[in-house]
Amino acid sequence: MKRAAAVLLAAARVLLVVLAIGGVARAEEIKMVGVITKIDISGPDAKVATATLKDTKSEKTVDITVKDDLTLDKFKDHRIVEGDEIRCKYEVKDGKNVSNYFRKTAGC
Amino acid sequence: MKRAKTIGTALAALLYASGAPAAEHPGRAQIEKDGYKGPATCEECHPGTAKQFLGTVHWKHASKVDNVEHLDPKVEYGMKNRIYTMCNGNDVVNNLKEIPKNSAGHSKLTGCNTCHPGNHISDVGSTGPAAEAAVDCLVCHSSDYDFRQRKPYKDAQGRVVMGQDRSTKAALAVGKPGVKNCMVCHESAGGGVLIKRGLAFNKENDAHAAKGMVCVDCHKSKDHHVPTGFDPNNWANDGVRLACSDCHGDKPHKNADYNRHVAKIACQTCHIPHTGGAVAKDFTVWEQGEDKFWEPTTLKRDANETVPVYAWYNKTVRNEPHFIGPKGSRKDGKSKIYPFKIYMGKAFYDKETGKLLSMDFAPPMATGNARAGVESAARTLGMKDPAAVAKNAVPGWQTIYFASSHLVTKGKALNCVNCHGVNGVLNFRELGYSEAEVKKLTNPEIYFKQLVEMQKQEW
């Protein structure tokens, strides 16, 4: 019984993850390192933000859509700010560059 | 019974914590009225707290250490002064400062003690009234901290100061530390996000995080003494320890087969089957980034991306120039099998003594010249002829075992066949089992019936 519940829960989680990734077939992941030139976030309750990264190699700017809670929180309390260098992985979905991975390159 | 109660209490606290919004801090009205003036404000109602804090590991980055070999029992050790190859610098030799200009003409303020809740004028281990007034209470206690303030800057006298958010707004959001407060420092330990231990404390990677638990639900602290375990590389401690069994007891399973294993096998071995973070670094060769600053060459891995090694551990530590890791054996009656993250670090050794040398990161960060970093550190430490020490230094690798204490899973916990199968994760021979024992331990008779039974229950 408990087990069944656990399996259901696990299934629900998988479903959630799939939904979050937004599609069954995973698009190709693009990797880049860039410096944040701009962060667009609507306020403390925002569920999505756009960060503009300037690719350190090509100097091209890319708008990245960020949806994960941890990164959004880091924008809100300014643990991540303009000027920070970021290692980012994203996928193109409905014309948007949606981030799967968004971390500062520098450490202590 | 006792255990059921502990978990019950923990759960009740949890439900309380995650269900209701955090109880309002009783000091709020007064802080709102008078504004926040640093620890003195808190001291009005929590007298003696700042002074007490100055005696803890989080302020001193050091303590007496009694379970590691080749240490001086009279000396305190920690990130303040340790020399090893996860961070080849430390608070002393790699003190926060303005580093020389790089090839693009840029400098920056950086150093190990940015992970300290002081203001750098009152630095790691300082004491007295100025130090008490310098404690950043809010970095651990505010849920509304503006991290733009927590940056090093130069003051009017040219001193390098570590900034703090001392706004009344931040002080109005005081409470028990959340995950974020602890992760301000623990997320980027070792030179970048999740580098040191891959401590990804989130619902995807950790069963306790998935239940809504926060760091201090386990690391419950009295008088700012934060309990820790026996990670062979967490030397400094506040004299209080925690373990899985504090809450779960040592018979946590309905299944007696698992409970029987607890005598010889640590909980973590089955429940933390993966590890993560950097697997190797080379401090002798630095790589230039796009910003023209240099960083030690690092092989990174994400949380849960690597598998641990398993070793007997009796909670005492072998500490040699080329190895830091567990001591213990199957026969000593005290050891259990634990999982460890293996890490290899390359750095410079003293040609004369064979000891590992430390490094000031400022010179190599600017120019990539690692030996210049060794020379600067040798000078800070008062070694004889720093230039010669650096010139003759010999590169070498050090192997380090880190404990695996988080990333707990239930669903992916090791089961019978993960260990007793012919390709099981444990190398029974290396762990000290005889050929005859290995034969028995890898014979399906050991697990076949039990697993068939579990299979039935599952469906």
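Bear in mind that the values here come from a model prediction, so they are computed numbers and not experimental data. (Residues numbered from 1 in each chain as written. Chains lettered and ligands numbered in written order. Predicted model: local features only at pLDDT ≥ 70, side-chain atom pairs only at ≥ 80, totals over all residues. Heavy atoms only, no water.)

### So, the overall build of chain B
Thought 1: Check the secondary structure of chain B and you find 20 helices and 11 strands.
Thought 2: In terms of overall dimensions, chain B is globule-like: its C-alpha atoms have a radius of gyration of 24 Å, near the 23 Å expected for 459 residues.
Thought 3: Projected onto its principal axes, the C-alpha positions of chain B cover 75 × 60 × 45 Å.
Thought 4: Burial statistics for chain B: of 459 residues in total, 46% are counted as buried.
Thought 5: Put simply, of all contacts in chain B between residues at least 6 apart along the chain, 66% involve residues at least 24 apart.
Thought 6: Only carbon and sulfur atoms are counted for the fraction: they give 56% of the accessible area of chain B, which is about 23500 Å².
Thought 7: The positive charge centre, built from 61 side chains, and the negative charge centre, built from 48, are 4 Å apart in chain B. (Helix = DSSP H or I, 4+ residues; strand = E, 2+ residues; numbered from the N terminus. Rg over C-alpha atoms; globule rule 2.2 N^0.38 Å. Buried < 20%, exposed > 50% of the residue type's maximum accessible area, 1.4 Å probe, protein only. Contact = heavy atoms within 4.5 Å. Areas by Shrake-Rupley, 256 points an atom, 1.4 Å probe, with all protein chains shown as cover. Lys, Arg positive; Asp, Glu negative; His and termini not counted. Charge placed at Lys NZ, Arg CZ, Asp CG, Glu CD.)

### Points about a nonpolar patch on the surface
Residues and elements named next belong to chain B.
Thought 1: On the surface, a cluster of nonpolar side chains totalling about 210 Å² of accessible area is made up of Ile83, Val92 and Leu381.
Thought 2: Mapping leucine 381 onto the fold places it in the loop between helix 16 (370–380) and helix 17 (386–392).
Thought 3: A relative accessible area of 42% means that leucine 381 is categorised as partly exposed. (Patch = residues over 30% accessible without salt bridge, like charges linked within 9 Å, V, L, I, M, F, W, Y side chains within 5 Å. Salt bridge = Lys/Arg side-chain N within 4 Å of Asp/Glu carboxyl O.)

### Looking at the sheet that holds strand 3 (residues 61–66) of chain A
Residues and elements named next belong to chain A.
Thought 1: On the basis of which strands lie adjacent, the closed barrel formed by five strands has the order 1-2-3-5-4 and mixed pairing. Across this sheet, the average inter-strand angle for adjacent strands is 55°, counted without regard to direction.
Thought 2: Bridge count between strand 4 (residues 85–93) and strand 5 (residues 96–104): eight bridges; the pairing is antiparallel. Within the sheet, the bridge partner assigned to lysine 89 lies in strand 5 and is tyrosine 101. (Pairing = 2+ DSSP bridges. Axes fitted to C-alpha atoms, helices over the stretch in contact; angles between N-to-C directions.)

### Digging into unusual backbone geometry
Residue and element names in this part refer to chain B.
Thought 1: For lysine 315, which is not glycine, the phi dihedral falls at a positive 75°.
Thought 2: Tracing the chain through its elements places lysine 315 in the loop between strand 7 (309–313) and strand 8 (317–320).
Thought 3: On the basis of relative accessibility, which here comes to 35%, the residue lysine 315 falls in the partly exposed class.
Thought 4: Of note in the backbone geometry, aspartate 385 takes a positive phi value of approximately 50° without being a glycine.
Thought 5: Looking at the secondary structure, you find aspartate 385 in the loop between helix 16 and helix 17.

### Quick look at the packing of aromatic side chains
Residue and element names in this part refer to chain B.
Thought 1: The tally for this structure, following the rule as stated, stands at 14 aromatic pairs over all chains.
Thought 2: Summarising the aromatic geometry, the rings of tyrosine 77 and tryptophan 235 are spaced 6.2 Å apart at their centres and angled 80° between planes, so their arrangement reads as edge-to-face. Within this pair, whereas tyrosine 77 is found in the loop between helix 5 (57–60) and strand 1 (97–98), its partner tryptophan 235 is found in the loop between helix 11 (215–218) and helix 12 (244–248), the two being separated by 158 residues in sequence.
Thought 3: Among the residues examined, tyrosine 77 registers a relative accessible area of 16% and is labelled buried.
Thought 4: Connected via pairs of aromatic rings, a cluster forms that spans Tyr313, Phe323, Tyr338, Phe340 and Tyr401.
Thought 5: Against the face of tyrosine 84 rests arginine 82, its NZ or CZ located 4.0 Å from the ring centre.
Thought 6: Residue placement shows arginine 318 over the ring face of phenylalanine 323; its charged tip is 4.0 Å from the ring centre. (Phe/Tyr/Trp six-rings, centres within 6.5 Å; stacked < 30°, edge-to-face > 60°. Lys NZ or Arg CZ within 6 Å of the ring centre and 35° of its normal.)

### Re the interface of chain B and chain A
Thought 1: Contacts between the two partners involve 22 residues from chain B, matched on the other side by 19 residues from chain A.
Thought 2: Summing both sides of the interface, chain B and chain A together bury roughly 1800 Å²; the carbon and sulfur share of this comes to 49%.
Thought 3: If you sort the residues of chain B by the area they bury against chain A, B:Lys180, B:Val193 and B:Glu290 come out on top, with a joint share of 25%.
Thought 4: There are four salt bridges connecting chain B and chain A. (Buried area = accessible area lost by both parts, 1.4 Å probe.)

### Points about the nonpolar core
Residue and element names in this part refer to chain B.
Thought 1: Counting residues in hydrophobic clusters, the biggest one holds 42 residues, and the most contacted among them are Trp286 and Met359.
Thought 2: Of all elements in the fold, only strand 5 (280–288), strand 7, strand 9 (323–326), strand 10 (336–349), helix 15 (362–367), helix 16, helix 17 and strand 11 (394–403) reach the threshold of two or more residues within this core.
Thought 3: A per-element tally of this core places strand 10 first, with six residues.
Thought 4: Apart from the residues lying within four places of it in its own chain, the contact partners of methionine 359 are Asn88, Gly89, Val93, Asn94, Phe283, Trp286, Phe348, Pro364, Ala370, Gly373, Val374 and Ala377. (Core = buried A, V, L, I, M, F, W, Y, C linked by side-chain atoms within 4.5 Å.)

### Overview of the environment of B:Cys140
Residues and elements named next belong to chain B.
Thought 1: Within the fold, cysteine 140 resides in helix 7 (residues 137–141).
Thought 2: Overall, cysteine 140 belongs to the partly exposed group, its relative accessible area being 30%.
Thought 3: When the C-alpha positions of cysteine 140 and glycine 175 are compared, they lie 8.8 Å apart, and in sequence the two are 35 residues distant.
Thought 4: With residues near it in sequence (within four places) discarded, cysteine 140 still touches Pro177 and Asn181.

### A short note on the pattern of salt bridges
Thought 1: A full pass over the atoms with the stated rule returns 29 salt bridges over all chains.
Thought 2: Between A:Asp73 and A:Arg79 there is a salt bridge whose closest N-O contact spans 3.0 Å.
Thought 3: A relative accessible area of 12% means that A:Arg79 is categorised as buried.
Thought 4: Across the salt bridge formed by B:Lys203 and B:Glu204, the nearest N and O atoms sit 3.9 Å from each other.
Thought 5: Residue B:Lys203 is classed as exposed on the basis of its relative accessible area of 57%.
Thought 6: One continuous salt-bridge network, built from bridges that share partners, spans A:Asp73, A:Asp77, A:Arg79 and B:Lys180.

### Quick look at helix 16 of chain B
Note that an α-helix has 3.6 residues per turn; residues three or four places apart therefore point the same way.
All names here are of chain B.
Thought 1: For helix 16, the full list of buried residues reads Ala370, Gly373, Val374, Ser376, Ala377 and Ala378.
Thought 2: Against the buried residues of helix 16 lie strand 5, strand 10, helix 15 and helix 17.
Thought 3: Directly beyond the C-terminal end of helix 16, a positive phi value near 70° is found at glycine 382.

### Some thoughts on the side chain of B:Lys341
Residue and element names in this part refer to chain B.
Thought 1: In this structure, lysine 341 sits in strand 10.
Thought 2: Lacking a salt bridge, the buried lysine 341 has aspartate 231 as its closest oppositely charged neighbour, with an N-O distance of 9.9 Å.
Thought 3: A polar contact is formed between the side chain of lysine 341 and the backbone oxygen of isoleucine 195, at a distance of 3.4 Å.
Thought 4: Among the polar contacts listed, one links the side chain of lysine 341 to the backbone oxygen of alanine 278, at a separation of 2.7 Å. (Polar contact = N/O pair within 3.5 Å; in protein donor to acceptor, adjacent residues only side chain to side chain.)

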